[in-house]
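# Per-entry structural report
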Amino acid sequence: MARDPLGFFGRRGDQDDAHRGERFRFFLRHGCCYKPPMKSDTPNHQVLQALVPALAKATGLSTDAVAAQLGRPPKPEMGDYAFPCFAYAKANKVPPPAAASQLAEKLAADATLAPLVQKVEAAGPFLNVRVKPGELCASIIRMIEEAEGRFGESAAGAGKTVVIDFSGPNIAKPFHVGHLMSTILGASLGRVFRALGYAVVGVNHLGDWGVQCGFQFLAWQRAGPVERETQLAERGLDYLCDLYVDINAPAREVSVLEAELADKEAVVNPEERERIKKRIAAAKPEADARDVAARELFKRLEDGDPELKQLWERFRKETLRYLQKSYDRLGVKFESDAGEGFYEPQLKPLLAELQASGVAVASEGALVIPMDDGPPKPGKERKPPFILRKSDEATIYGTRDLAAALYRKKTYGFHKNLYVVDVRQSTHFQMLFKALAKMGHAWHKDCSHVAFGIMQIKEGDTVLPMTTRGGRMIPLYELLDRMVQIVRDIVREKNRDLSADKAAQVAEAVGVGAIIYWVQARRRASNFVFDWRQATDPNGDTGPYLQYTHARACSILRKSQAQPGSWRTADLRLLVEPEEAAVVKALEGFPAAVRRAGDEYEPSLIATYLLDLSSAFGNFLNKHRVLDSPPALRQARLALVDAVREVLAKGLGLLGVAAPGEM
RNA sequence: GUUCCCGUAGCUCAAUUGGAUAGAGCAGCGGAUUUCUAAUCCGCAGGUUGAGGGUUCGAUUCCCCCCGGGAACGCCA
């Protein structure tokens, strides 16, 4: 399989756990993603190297405290750096404005700052520092050049592993637009954590176990032997879904009719009620028969029937192969595709252990872990327990999640274990983590549910949920195709010089990039509505805008005819324009944006950051010429353009958005 | 009913985690093009940050109480 070049994740079941763990440690040491560790962790350049110690000396605070406080004034006219003096004022028992004045005098007298700093002035309780314009640009661009393409990365996570559980499609249900959030967010978090120096294990926790498998076997057995083979090969998951839908048709009819019957308002007429009852009676025997047959088949799978096991394995593989097409377009990779079925053999020993230790108890015929602490309070409803085994002896997804968490800790020794799943499951994960706590695992606090809001879709004037029973689901590939289709015309219209081949590539990059950007452009907690018109709008807060800015930068560098890197010898102190300073100040913020995106599991912070950078750069390009500048200035501006290009490409890369060189 | 999330310009969202006069995009109006790619840039207009109270030098941010919207709440995933 393409995404498994080292054969690290072999076939399930042919290796034991210890073996897998061993392979994993090998992967950590020699894997394809290995890079040497970063030298420096915090962003640093000549100006800050002078300014921070000077402030620390003047205030008596630590350099870390100063660096953390140092910010930006609200308007660029006020200065390049701002330092709030409240802490210093409190320590010295003077009013903050007086403190600011005192500090301004001290810094003005500091000889180490003289070559770099133009002006230090008190503004109320703030201290505003104006750096000599050329020095600011030189200092920051130099820092980016010296990072050798690694600007924004850090070594914060060196030696630590993050496990990210994301995407997790169900092999019986369509892979639709609702899965987009988890897939894109999870993949971005993986890239962000890698940039921060962590080893990352992306897990596609497939929903590949349960009675649904029985229904699929049943449908498969009923389908034509030749037709089913060609259909499965061609349509993969789509075919399995159709099978699932068809085999469930009678059951679905019964439940729809029963719901109708229960809704008294809808059916007052007794004749109508009778008609419905008859239809239920007609459909029910077939529905029940299929249900019994499916459960029987699933039971046989659970008991280890080799023929069914083989078929199950085939469905899994075919589904994954099929999904990989969409994953490839989205730039998504997984290190593991251990789904629910993978944990099945671990469940019985786990349950036995939990019972023996008394963590799990019997309740209403089921085996559960209680979620209430202490004695029940009168008048207070008791919390529902975490169910491990139903009264019919079958396990449920929570049991497998518990086994999965234990397995991941044992195999990967994770520093963090993340679940990128929508907000509706937040109680489930709270219970899961609490169950781990009750088992005595202190690492339960390293587990987090990275919840995101529910996406709805706007078709015409109506807003529909994505996961309704009634409406048709839009398969993911269809969404991507539609986006690319819309973009194709725009590409043609905007740039007629592109060859047909290039235009097609650009359309793919921009169409897919637009949707990837769109879902990451807001904080993940908020619910939002997918709007075709807005998502494909080439103007404004969009992926295409960022990609376009990047393409412009590339174009300028191309047309300069300069050898890449030849601008490294440029005199960067010639960059004294306010628009240049604004760009450089935006560039300076990149490492912090990446770090925060990791800390908060929030890729949108990178999206917002890139927008700021693009807008500063656009402003610069509009006001100043690069290629028409005098030779020395031209070289310095090329260095600036190249730094912007690098950060845009890198930031877009973290988000999973392609950055074509022209469009 | 209990628990969790959300509420900021007409719309979609920001706000350096408690900092200075709350900022962008879309939509509206007005400008800038012999384009280093106008898929751009600039200007105007748009606000009692759902309401009220509290904490302090300072609150969109933290605490309390309401109002409104969403979600989850015992054997589905």
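Within any chain, residue numbers begin from 1 and follow the written order of that chain's sequence. A letter from A marks each chain and a number from 1 marks each ligand, given out in the order of writing. With the structure being a predicted model, the display of local features is reserved for residues of pLDDT at least 70 and the display and counting of side-chain atom pairs for 80 or more, all residues being used for whole-chain, interface and lining totals. Hydrogens are left out, water is left out, and the side-chain values use all remaining heavy atoms of the structure.

### What about the packing of helix α6 (residues 133-146) against helix α20 (residues 578-588)?
The following threshold applies: Axis definition: a line fit to C-alpha positions, over the contact stretch in the case of helices; interaxial angles, taken between N-to-C directions, run 0 to 180 degrees. The helix and strand labels rest on DSSP assignments: H or I over at least four residues marks a helix, E over at least two residues marks a strand, and numbering proceeds from the N terminus. Roughly parallel here means an angle under 35 degrees, roughly antiparallel means over 145, roughly perpendicular means 65 to 115, and every remaining angle is called oblique. In this scheme the handedness of a crossing depends on how the near helix is turned from the far one: anticlockwise by less than a right angle means left-handed, clockwise means right-handed. Contacts are assigned to residue pairs that have any heavy atoms within 4.5 Å of one another. Side-chain classes follow a simple rule in which Ala, Val, Leu, Ile, Met, Phe, Trp, Tyr, Cys and Pro form the nonpolar group, Asp, Glu, Lys and Arg form the charged group, and the remainder, Gly included, forms the polar group.
One way to put it is that α6 packs onto α20 with a least axis distance of 9 Å and a crossing angle of 40°. One element, α6, and the other, α20, form an angle in the oblique class. Between α6 and α20 the crossing geometry is left-handed. Between α6 and α20, the residues in contact are Leu136, Cys137, Ile140, Ile141 and Ile144 and Glu580, Ala581, Val584, Lys585, Leu587 and Glu588, respectively. Here the contact of α6 with α20 is built from residues that sort into 8 nonpolar, no polar and 3 charged.

### Quick look at the pattern of salt bridges
How we decide: A side-chain nitrogen of Lys or Arg and a carboxyl oxygen of Asp or Glu constitute a salt bridge if their distance falls within 4 Å.
Taken as a whole, this structure holds 39 salt bridges when the rule is applied. For Asp422, the salt bridge goes to Arg424, with nearest N and O atoms at 3.1 Å. Shared partners join several salt bridges into a network, and the residues in it are Asp208, Glu313, Arg316 and Asp337.

### A word on the pairing of strand β10 (residues 447-452)
It is a general feature of regular strands that their side chains alternate between the two faces of the sheet. Rules: Exposure categories follow from relative accessible area, calculated using a 1.4 Å probe and restricted to protein chains: below 20% of the type maximum is buried, above 50% is exposed, and the middle band is partly exposed. A strand pair is defined by DSSP finding two or more bridges across the two strands. By the criterion used throughout, a crossover qualifies as right-handed when its path from the first strand across the helix to the second strand runs clockwise, the strands pointing away from the viewer.
Among the 6 residues in β10, 6 count as buried, and that is most of the element. Pairing between strand β9 (residues 416-422) and β10: 6 bridges, direction parallel. From the neighbouring strand, Leu418 faces β10, where its bridge partner is Ser448. As for the winding sense of the linkage, the β-α-β connection from β9 through helix α15 (residues 426-438) to β10 is right-handed.

### Concerning the packing of aromatic side chains
To be explicit about the condition: Two rings from Phe, Tyr or Trp (for Trp, the six-membered ring) form a pair when their centres sit within 6.5 Å of each other. Planes less than 30 degrees apart are called stacked, planes more than 60 degrees apart edge-to-face, and all others tilted. Note on geometry: a ring has a charge over it if NZ (lysine) or CZ (arginine) is within 6 Å of the ring centre and within 35 degrees of the ring normal.
Counting across every chain of the model gives 22 aromatic pairs. Residues Tyr407 and Tyr412 carry aromatic rings whose centres are separated by 6.4 Å and whose planes lie at 85° to one another, so their mutual orientation is edge-to-face. Taken together through their ring pairs, the aromatic side chains of Phe166, Phe175, Tyr327 and Phe334 make up a single cluster. Note that Lys409 overlies the ring of Phe414, its terminal NZ or CZ placed 4.8 Å from the centroid. Directly above the ring of Trp518 sits Arg522, whose terminal nitrogen or CZ lies 4.8 Å from the centroid.

### Here we look at the environment of Ser188
To keep it simple, the criterion reads: Definition of a polar contact: a pair of N or O atoms within 3.5 Å, with one able to donate and the other able to accept a hydrogen when the atoms are protein atoms, and with sequence-neighbouring residues admitted only if both atoms are side-chain atoms.
Examined against the element boundaries, Ser188 turns out to sit in helix α7 (residues 180-195). Judged by relative accessible area, which is 0%, Ser188 ranks as buried. Other than its neighbours up to four places away in sequence, Ser188 contacts Gln520, Pro603, Leu654 and Leu655. Here Gln520 takes part through its side chain, which lies 2.5 Å from a polar atom of the side chain of Ser188.

### Some remarks on the nonpolar core
Put simply, the rule is: In plain words, nonpolar cores are sets of buried Ala, Val, Leu, Ile, Met, Phe, Trp, Tyr and Cys residues tied together by side-chain atoms within 4.5 Å.
One finds Tyr81, Leu180, Phe193 and Leu587 to be the most contacted residues of the largest nonpolar core, which totals 136 residues. Sort the elements by how many residues they give to this core and helix α23 (residues 631-655) lands first, with 13 residues. If sequence neighbours within four positions are ignored, Leu180 has contacts with Leu330, Met455, Leu476, Leu479, Ile515 and Val519. Leu354, Val359, Phe429 and Trp443 belong to the second largest nonpolar core, which has 35 residues in total.

### Comments concerning the sheet that holds strand β4 (residues 161-165)
The strand order across the open sheet built from 4 strands is β5-β4-β9-β10, with neighbouring strands paired in parallel fashion. On the outer flanks of this sheet lie β5 (199-203) and β10, each paired with one strand and no other. Within the sheet, the average angular offset between the axes of one strand and its neighbour, ignoring direction, is 20°. Relative to β9, β4 runs parallel, the two sharing 4 bridges. From the neighbouring strand, Val163 faces β9, where its bridge partner is Asn417.

### Some points on the confidence of the model for chain A
Selection criterion: Values of pLDDT, which run from 0 to 100, indicate the predictor's confidence residue by residue.
Summing up the model confidence of chain A, the mean pLDDT is 87 and the portion of residues at 70 or higher is 89%. Below pLDDT 50 for its whole length, residues 1-41 participates in 61 contacts with residues either more than four positions away or in separate chains.

### Here's the deal with the environment of Ser255
Relative to the assigned elements, Ser255 resides in helix α10 (residues 249-262). Since its relative accessible area comes to 39%, Ser255 is described here as partly exposed. The sequence separation of Ser255 and Lys284 amounts to 29 residues, and the corresponding C-alpha distance is 9.6 Å.

### Examining the protein's contact with RNA strand B
Heads up, the rule is: For each residue, the test is whether any non-hydrogen atom lies within 4 Å of the molecule or strand; if one does, the residue is near.
Inspection of the region around RNA strand B gives 57 residues, with Arg382, Lys390, Tyr397, Glu600 and Arg625 positioned closest. Of all RNA strand B atoms lying within 4 Å of any protein atom, the proportion belonging to sugar or phosphate reaches 57%. Taking Asp541, its main chain carries an N or O atom lying 3.1 Å from a sugar or linking oxygen of RNA strand B. Between Leu621 and RNA strand B, the recorded distance is 2.6 Å, taken from a backbone N or O atom to a base nitrogen. Those elements that provide at least two residues to the surface near RNA strand B are β3 (126-131), β7 (366-369), α14 (397-412), α16 (476-494), α19 (543-560) and α22 (604-623). Broken down by element, the residue count for the surface near RNA strand B peaks at 7 residues, all from α19. When the residues that make up the surface near RNA strand B are grouped by side-chain class, the tally is 26 nonpolar, 15 polar and 16 charged.

### Looking at α22
This is how it is decided: Every helix has an expected span of 1.5 Å times one less than the residues it contains.
Its 20 residues place the ends of α22 29 Å apart at the C-alpha level, agreeing with the 28 Å of an ideal helix rising 1.5 Å per residue. With 14 of its 20 residues buried, α22 lies for the most part within the structure.

### Section: the sheet that holds strand β6 (residues 361-363)
Within the open sheet, the 3 strands sit side by side as β6-β7-β8. Their pairing is antiparallel. Strands at the two margins of the open sheet, each flanked by one partner only, are β6 and β8 (386-389). In this sheet, neighbouring strand axes are inclined to one another by 50° on average, regardless of whether the strands run parallel or antiparallel. Where β7 meets β8, 3 bridges bridge the pair, whose relative direction is antiparallel. Directly across from Ile369, in β8, lies its bridge partner Phe386. Against the sheet, α14 makes contact with β7 and β8, and its axis sits at roughly 90° relative to β8, the strand it touches most. Contacting β7 and β8, α15 runs over the sheet at an angle of about 75° to β8.

### Focus: the packing of α19 against α22
With their axes 10 Å apart at the nearest point, α19 and α22 run at an angle of 45° to one another. Of the possible angle classes, the one that applies to α19 and α22 is oblique. Of the two possible hands of crossing, α19 and α22 adopt the one that is left-handed. Judged by residue contacts, Tyr545, Leu546, Thr549, Arg552, Ala553 and Ile556 of α19 engage Leu610, Leu611, Ser614, Ser615, Phe617, Gly618 and Leu621 from α22. Looking at side-chain class alone, the contact of α19 with α22 contains 8 nonpolar, 4 polar and 1 charged residues.

### Some thoughts on unusual backbone geometry
Although it is not a glycine, Glu393 adopts a positive phi angle of roughly 80°. Mapped onto the secondary structure, Glu393 falls in the loop between β8 and α14. Its relative accessible area of 55% is what places Glu393 among the exposed residues. In the Ramachandran plot, Tyr601 falls in the positive-phi region, its phi being about 55° despite a non-glycine side chain. Relative to the assigned elements, Tyr601 resides in the loop between α21 (590-599) and α22. What makes Tyr601 buried here is its relative accessible area of 11%.

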